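# Structural characterization, general
Single-letter residue listing:
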Amino acid sequence: MRTRRPARTIIAALAAVLLTGGVAACGNSDTGGGAGDDKIVLGFSQVGAESGWRTANTNSIKEAAAAAGIELKFDDAQQKQENQIKAIRNFIQQKVDVIAFSPVVESGWDTVLKEAKDAGIPVILTDRAVDSADKTLYRTFLGSDFVKEGRLSGEWLVEQTKSATGPVNIVELQGTTGSAPANDRKKGFAEAIAANPNLKIIASQSGDFTRAGGKQVMEQFLKANPDIDVLFAHNDDMGLGALEAITAAGKQPGKDILIITVDAVRDGMQALADGKFNFIAECSPLLGPQLMDLTKKVHAGEEVPARIETEETTFTQEQAKEALPNRKY
């Protein structure tokens, strides 16, 4: 004869099963990127660590991701496009939720961006743009107006040299060849100085955005052109490298040669405050919080502007002295 189990016992058993199942489901949420996990996974490919600006940019992104509760898969491309393309393909394979990257150069991205689009993974460009004709390959661009930075630098120089009656010889330290900031800063600067026919760029060469590159190229400039009046460097680090070459050549930076740079990182601002630089157009690296906000929005399928520019300013020597004590990078 079978013994009937009391209803209370059956209910307790069912509750135990449901409770066990519930615990298992909650446990899955801690795996990171797995099924049932609502944590956003962002794959980010960084250009490299070529400058103080880039280091500050990387720190901003890592800190902002942690604060926003976003899982960050970070890759350093070491200034090589092939490394970035490989990283983006790895992100696609890993099925991240969003991909962001700061492209080494402007061209050659259509194929891998189409692969991301076909995989249904939205892409955000940060700091640097691409020249893809198909604007649907990425959702938005977050960064600076590099043409404006070059133009502001040129406009300052035009104002400073408006009384010049003879030629003003300028040398230009360009950033990485083919990169958006190098192309755009060169363009903006050239357009601005066209207002004064006495301003002449007598030499222009890439220092690859590095301090060592700036020093090396400036040494070459000084040997080939003894009468240099102005240096326009596409970033602070190249300008700081150039300082060494100028000093070694027996010239006084900031006086014998006016120095204009872009970025406004702490070392550059210190050189400006010390009178070794003359003018800096700011390019803020602190894009992390804005990037995380955009990541959440594009992951949720929200509409975002096609281009989002950061707010920036310019600095003279006196303004640098005032700003330095509270400088975050």
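Everything discussed here concerns the structure shown above.
First, a word on scope: everything that follows refers to the structure included in this document. (Residues numbered from 1 in each chain as written. Predicted model: local features only at pLDDT ≥ 70, side-chain atom pairs only at ≥ 80, totals over all residues. Heavy atoms only, no water.)

When helices and strands are tallied, the protein chain shows eleven helices and twelve strands. Considering the protein chain as a whole, with its 329 residues, one finds that 48% of them fall into the buried category. Total accessible area on the protein chain is roughly 15,800 Å²; 50% of this is exposed by carbon and sulfur atoms. (Helix = DSSP H or I, 4+ residues; strand = E, 2+ residues; numbered from the N terminus. Buried < 20%, exposed > 50% of the residue type's maximum accessible area, 1.4 Å probe, protein only. Areas by Shrake-Rupley, 256 points an atom, 1.4 Å probe, with all protein chains shown as cover.)

This brings us to the sheet that holds strand β6 (residues 168-174). The six strands are arranged β7-β6-β8-β9-β10-β12 in an open sheet whose pairing can be described as mixed. Two strands bound the open sheet, and with one partner strand each, they are β7 (199-206) and β12 (314-315). Examined bridge by bridge, strand β8 (residues 230-233) and strand β9 (residues 258-263) share three bridges and lie parallel to one another. Within the sheet, the bridge partner assigned to Leu-231 lies in β9 and is Ile-259. (Pairing = 2+ DSSP bridges.)

Before going further, it helps to examine the nonpolar core. Ranked by internal contacts, the top residues of the largest apolar core, which has 29 residues, are Leu-173, Met-218, Phe-221, Leu-231, Ile-257 and Phe-277. Elements with a contribution of two residues or more to this core: β6, α7 (211-224), β8, α8 (236-248) and α9 (266-273). Apart from residues no more than four positions distant in its own chain, Phe-221 is found in contact with Val-171, Glu-172, Leu-173, Ala-203, Ser-204, Gln-205 and Ile-228. Counting residues in hydrophobic clusters, the runner-up holds 21 residues, among them Trp-156, Leu-157, Val-230 and Phe-279. (Core = buried A, V, L, I, M, F, W, Y, C linked by side-chain atoms within 4.5 Å. Contact = heavy atoms within 4.5 Å.)

With that settled, consider the pattern of salt bridges. Think of it this way: side chains of opposite charge can pair up when their charged atoms draw near. The full count for this structure, using the stated rule, is 18 salt bridges. Residue Asp-127 pairs with Arg-128 through a salt bridge whose shortest N-O separation is 3.8 Å. The same class applies to Asp-127 as to Arg-128, namely buried. Three or more residues are tied together by salt bridges with common partners; here these are Glu-50, Arg-54, Asp-127 and Arg-128. (Salt bridge = Lys/Arg side-chain N within 4 Å of Asp/Glu carboxyl O.)

So, on to α9. Think of an α-helix as 3.6 residues a turn; residues three or four steps apart then line up on the same face. Listed as buried for α9 are Gly-268, Met-269, Ala-271, Leu-272 and Ala-273. Contact partners of the buried residues in α9: α8, β10 (279-282), β12 and α11 (317-323).

Here we come to the sheet that holds strand β2 (residues 71-76). As summarised here, the arrangement of the six strands in space is β2-β1-β3-β4-β5-β11, forming an open sheet in which the pairing is parallel. The outermost strands of the open sheet, each flanked by one partner alone, are β2 and β11 (307-309). Mean inter-strand twist for the sheet, computed between neighbouring axes without regard to direction, equals 20°. Two strands pair when backbone bridges link them, and strand β4 (residues 123-126) and strand β5 (residues 140-143) are joined in this way by three bridges, in the parallel orientation. Along β5, the bridge assignment pairs Ile-124 with Thr-140. (Axes fitted to C-alpha atoms, helices over the stretch in contact; angles between N-to-C directions.)

Now for the packing of helix α3 (residues 81-94) against helix α4 (residues 110-118). In contact at an axis separation of 10 Å, α3 and α4 are set at 10° when each is read in the N-to-C sense. Here α3 lies roughly parallel to α4, going by the angle between them. Here α3 contributes Ile-85, Ile-88, Arg-89 and Ile-92 to the contact with α4, which in turn contributes Thr-111, Val-112, Glu-115 and Ala-116. (Parallel < 35°, antiparallel > 145°, perpendicular 65-115°, else oblique.)

So, about unusual backbone geometry. Residues other than glycine predominantly adopt negative phi, and peptide bonds predominantly adopt the trans conformation. Not every positive phi belongs to a glycine, and Gln-78 is a case in point at roughly 50°. Considering the arrangement of structural elements, one finds Gln-78 in the loop between β2 and α3.

Residues of β10 alternate between two faces, with Phe-279 and Ala-281 on one and Ile-280 and Glu-282 on the opposite face, all of them buried. Taken together, β9, α9 and β10 constitute a β-α-β crossover, and its handedness is right-handed. Sheet topology places β10 next to β12; two bridges connect them, and they run antiparallel. Following the sheet pairing, Ile-280 is matched in β12 by Phe-315. (Right-handed = clockwise from strand over helix to strand, strands pointing away.)

What follows concerns the packing of aromatic side chains. Summed over all chains, the structure comprises four aromatic pairs. Centroid distance Phe-44 to Phe-74: 6.0 Å. Interplanar angle 25°. Geometry classified as stacked. Taken together, the positions of Phe-44 in strand β1 (residues 41-46) and Phe-74 in strand β2 put the pair 30 residues apart, joining distant regions of the chain. Taking the relative accessible area as the measure of exposure, Phe-44 reaches 0% and is therefore buried. (Phe/Tyr/Trp six-rings, centres within 6.5 Å; stacked < 30°, edge-to-face > 60°.)

A few words now on the side chain of Gln-84. One can find Gln-84 in helix α3. Sequence-distant contacts of Gln-84, that is, excluding residues within four places in its chain, are made with Ser-45, Gln-46, Val-47, Ala-77, Phe-101, Ser-102, Pro-103, Val-104 and Trp-109.

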